[in-house]
Each structure stands twice: as structure tokens, then as C-alpha cells.
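# Results of the structural survey
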Amino acid sequence: MKSIVYTQHGGSDVLTLVERPIPEPGPGEVRVRVHVSGVNPTDWKTRTAPVFGPLGERGQVPNQDGAGVIDAVGEGVPADRIGERVWLWEAAWRRADGTAQQYLVIPQRQAVALPEHASFELGASLGVPALTAHRCLTVADGGPTRLTPGSLAGRTVLVAGGAGAVGNAAIQLARWAGATVITTVSGPYKVELAKAAGAHHVVNYRTRDAASAIGEIAPAGVDIIVEVAPAANAELDHAVAAQNAVIAYYAGNPDDELRIPVRAAMTGNLRWQGVLLYFVSNEAKKNAVADVSAAVADGAFRVGERAGLPLHRFPLERTADAHDAVRDNAVGKVLIEVEHSA
């Protein structure tokens with residue numbers, strides 16, 4: 001089978017297309033014929049430096065997310081899972097095999113049933129973005145810890161960067177859960193994408209004062225803030241946060257420093273909550289997988305330009321270009337079409 005591997009950390013030029021034997025699943029595992037691999041910022045960042053430890057002797061196949069079809073199962077896995085369409089999450093977390101290859105062996109719980117109406121492109125776009133968004137939306141004091149239709153009714157959610165992959169997922173999940181959704185973006189094209197994702201209100205912070213605009217929409221403040229740029233947006237977040245709000249942030253540069261106005265945060269009972277998916281509890285991940293799957297089954301999760309998330313497709317042999325596209329902040333979702341690669 002064809003696999004993309006890197007044996008040393010560095011730029012995208014360390015990614016190499018190689019031939020490897022098709023693996024066999026062990027106990028509790030399934031083998032998936034990968035159709036589409038999804039690329040996230042974490043994939044190229046961990047490739048450039050030993051963020052989570054050194055590489056093993058076999059090197060690393062990149063990419064956490066993907067979708068495909070189970071074609072073999074190991075001991076203890078029901079045989080009727082063969083032929084099942086699935087989406088994959090955390091494939092490369094503490095494992096040498098990510099989704100940038102034609103076949104992948106993975107623990108069965110990380111291969112989640114994908115309904116017939118859901119495309120492989122959608123399945124490969126879930127994983128890191130959707131599970132991160134779910135966590136950001138469920139860390140508020142008093143819950144909810146699960147997302148279902150109506151579980152966020154009466155809440156106002158602010159999504160910073162609604163045209164990004166996590167932002168798009170947060171908008172769609174929050175809408176499905178019944179929240180009023182406000183998002184901020186940086187340009188007219190992104191305004192249209194955020195509207196397509198389902199945001200009730202979109203604020204272009206380059207043409208309007210964001211604090212004033214959000215204050216007019218939500219005079220009592222926003223309850224949950226899903227934050228992509230905490231260092232840059234801290235002042236805004238404090239200005240628009242409701243009493244007892246949570247600011248859940250999931251991104252940032254290594255040298256960023258967060259400055260919090262202590263008195264304002266204290267009197268507002270505000271909470272800043274860091275979210276890094278890999279270290280979220282197993283119980284929270286289990287809940288997120290179940291709820292994201294339910295949203296997909298309900299037809300509430302979509303991808304593509306009409307859903308506010310344009311797709312950028314690359315063949316497997318151009319995985320380096322796909323990684324570079326994510327590094328260079330491509331607007332939308334970058335996917336690798338493994339099944340259709342030469």
C-alpha cells in the first residue's frame with residue numbers, strides 16, 4: 001500500500017511517499033481502507049518539531065482525521081463491522097500511523113459509523129475540529145456536558161473566527177443545540193461563509209467596532225465564547241462576556257501572552273478555559289464523539305462552500321502541498337483524496 005511517512009522533523013519536504021505492507025488488525029482493532037484524509041494545523045505543527053515526543057524507528061504517518069470503509073476486523077470485533085463506512089479521530093495520537101495512507105489499523109472505538117447520507121469528505125472533516133468545538137461548547141459551569149437539540153436554548157454563543165474549521169464546527173453544533181450564535185470574521189467573503197454555516201449574526205471586525213456590534217446584538221452579554229486568538233481578543237471577550245461566562249480557547253502561538261483584567265474577570269465570575277483535544281478526558285471525548293455523530297445523523301453537520309467550509313482537495317502524493325496549504329491558512333478544509341490517488 002501507499003503511505004506518506006516522515007522519519008525526521010522538519011518542513012513539508014520530509015514527507016515521503018513509500019510502499020508498505022498492508023497491516024493486519026489485532027485484538028480490538030479494525031482495518032480501514034482510507035478514502036479521505038483530513039489535514040489540521042496540529043498535523044503540520046507536530047511534523048515540524050517533536051511537540052509530543054521523538055519519532056519511532058518506523059517514522060510517522062501524519063494526519064489525525066479521515067474517513068473510509070472497514071475491510072477487516074481483529075479478535076473481539078463483530079464481523080458485521082466489515083463494510084461499515086466510518087469516520088476516524090486521533091489516528092496518529094501516540095501512534096505511528098495516521099490517515100495519510102491507503103490502509104489504517106486503529107482501535108475500533110476510533111472508527112465511528114458514518115451514515116450513508118454523509119460523504120467521506122464530511123467524515124474526514126470531523127475529528128479535531130468538531131470534537132474541539134464540542135469541548136469548547138460544553139465547559140461552562142452548569143453545563144450542558146452533552147449537546148442535543150435544545151441543550152443550549154437560551155444561551156448566546158460567540159465564535160471568534162467563524163470561517164475557520166473549528167469555528168465552522170462550533171457554529172453548526174451551537175445552532176443544532178439551540179443557541180443564538182454570533183461570530184466575528186475579517187472580511188466580506190468570510191461573512192458569507194459564516195452565514196452559510198448558520199450563524200445568526202456575523203460581525204466583520206475590520207469594518208465595525210466588534211464590541212459595540214456584539215453589545216447591540218446581546219446587551220446582556222454572551223454566555224460561551226469559542227476563542228481562536230485569546231491574546232488578541234482578550235479585551236473584546238471581557239467587554240462582551242455575560243456574568244459567569246466561559247471563554248474557551250483552543251489555539252495560540254507559542255510566544256503569546258494572555259493579559260486578563262483581574263478585577264473585571266473576578267467581578268464577572270469569568271473563566272478562561274484552555275482546550276487541547278488530545279488531553280481532554282476520555283469521558284468528555286466519548287461524549288463528543290457521540291454528540292457529533294448524532295448531529296451528523298440529523299443532517300445538522302455539513303461541509304463545502306454552501307456550508308461555509310470550502311474544500312481543497314489534494315492527491316496522496318501531494319500531501320506536502322496539503323500541509324503547506326493549512327500552514328498558509330487556506331480558508332476552508334484541506335483534504336487528501338487517498339482512494340483516488342495514483
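Rules of the game
Residues numbered from 1 in each chain as written. Predicted model: local features only at pLDDT ≥ 70, side-chain atom pairs only at ≥ 80, totals over all residues. Heavy atoms only, no water. Salt bridge = Lys/Arg side-chain N within 4 Å of Asp/Glu carboxyl O. Helix = DSSP H or I, 4+ residues; strand = E, 2+ residues; numbered from the N terminus. Buried < 20%, exposed > 50% of the residue type's maximum accessible area, 1.4 Å probe, protein only. Core = buried A, V, L, I, M, F, W, Y, C linked by side-chain atoms within 4.5 Å. Phe/Tyr/Trp six-rings, centres within 6.5 Å; stacked < 30°, edge-to-face > 60°. Lys NZ or Arg CZ within 6 Å of the ring centre and 35° of its normal. Pairing = 2+ DSSP bridges. Axes fitted to C-alpha atoms, helices over the stretch in contact; angles between N-to-C directions. Contact = heavy atoms within 4.5 Å. Patch = residues over 30% accessible without salt bridge, like charges linked within 9 Å, V, L, I, M, F, W, Y side chains within 5 Å. Areas by Shrake-Rupley, 256 points an atom, 1.4 Å probe, with all protein chains shown as cover.

### Notes on the pattern of salt bridges
It is possible for side chains bearing opposite charge to pair when their charged atoms get close. Counted under the stated rule, the structure contains 15 salt bridges. The partner of Arg31 in a salt bridge is Asp71, and the shortest N-O contact between them spans 2.9 Å. Note that Arg31 is positioned in strand S3 (residues 29–39) and Asp71 in strand S4 (residues 65–73), a separation of 40 residues in sequence. What makes Arg31 buried here is its relative accessible area of 11%. Two residues, Arg313 and Glu337, come together in a salt bridge whose shortest N-O distance is 3.3 Å. With Arg313 in strand S14 (residues 311–315) and Glu337 in strand S15 (residues 333–337), the pair connects residues that are 24 residues apart, well separated along the chain. When salt bridges that share partners are traced, they join Arg20, Arg58 and Asp97 into one network.

### Digging into the nonpolar core
Residues Trp87, Leu173, Val226, Val292 and Phe301 are the most contacted members of the largest nonpolar core, which totals 56 residues. If one sorts the elements of this core by residue count, helix H4 (residues 165–176) sits on top with 7 residues. Counting 28 residues, the second largest nonpolar core, distinct from the first, contains Val5, Ile106, Val326 and Val334.

### Points about the packing of aromatic side chains
One pass over the structure, following the stated rule, counts 3 aromatic pairs. What links up through ring pairs into an aromatic cluster is the set Trp93, Tyr278 and Phe279. When the ring centre of Phe120 is taken as reference, the NZ or CZ atom of Arg85 above it lies at 4.4 Å.

### Thoughts on the sheet that holds strand S11 (residues 222–227)
Taking strand neighbours across the sheet as the criterion, the 6 strands line up as S10-S9-S8-S11-S12-S13 in an open arrangement whose pairing is parallel. Pairing within the sheet leaves two strands with one partner each, and these edge strands are strand S10 (201–204) and strand S13 (271–274). Neighbour-to-neighbour, the strand axes of this sheet turn through a mean angle of 20°, independent of strand direction. With 3 bridges connecting them, strand S8 (residues 156–160) and S11 associate as parallel partners. Considered in S11, the bridge of Leu158 is made with Ile225. In the packing of helix H3 (residues 127–137) onto the sheet, contacts are made with S8, S11 and strand S12 (241–249), and the angle to S11 comes to roughly 150°. The sheet strands contacting helix H5 (residues 188–197) are strand S9 (180–185) and S10, and the helix crosses S10 at an angle near 165°.

### Some remarks on a nonpolar patch on the surface
A cluster of nonpolar side chains, namely Val51, Phe52, Leu276 and Phe279, defines an oily patch on the protein surface of about 380 Å² accessible area. Here Leu276 is to be found in the loop between S13 and helix H9 (282–297).

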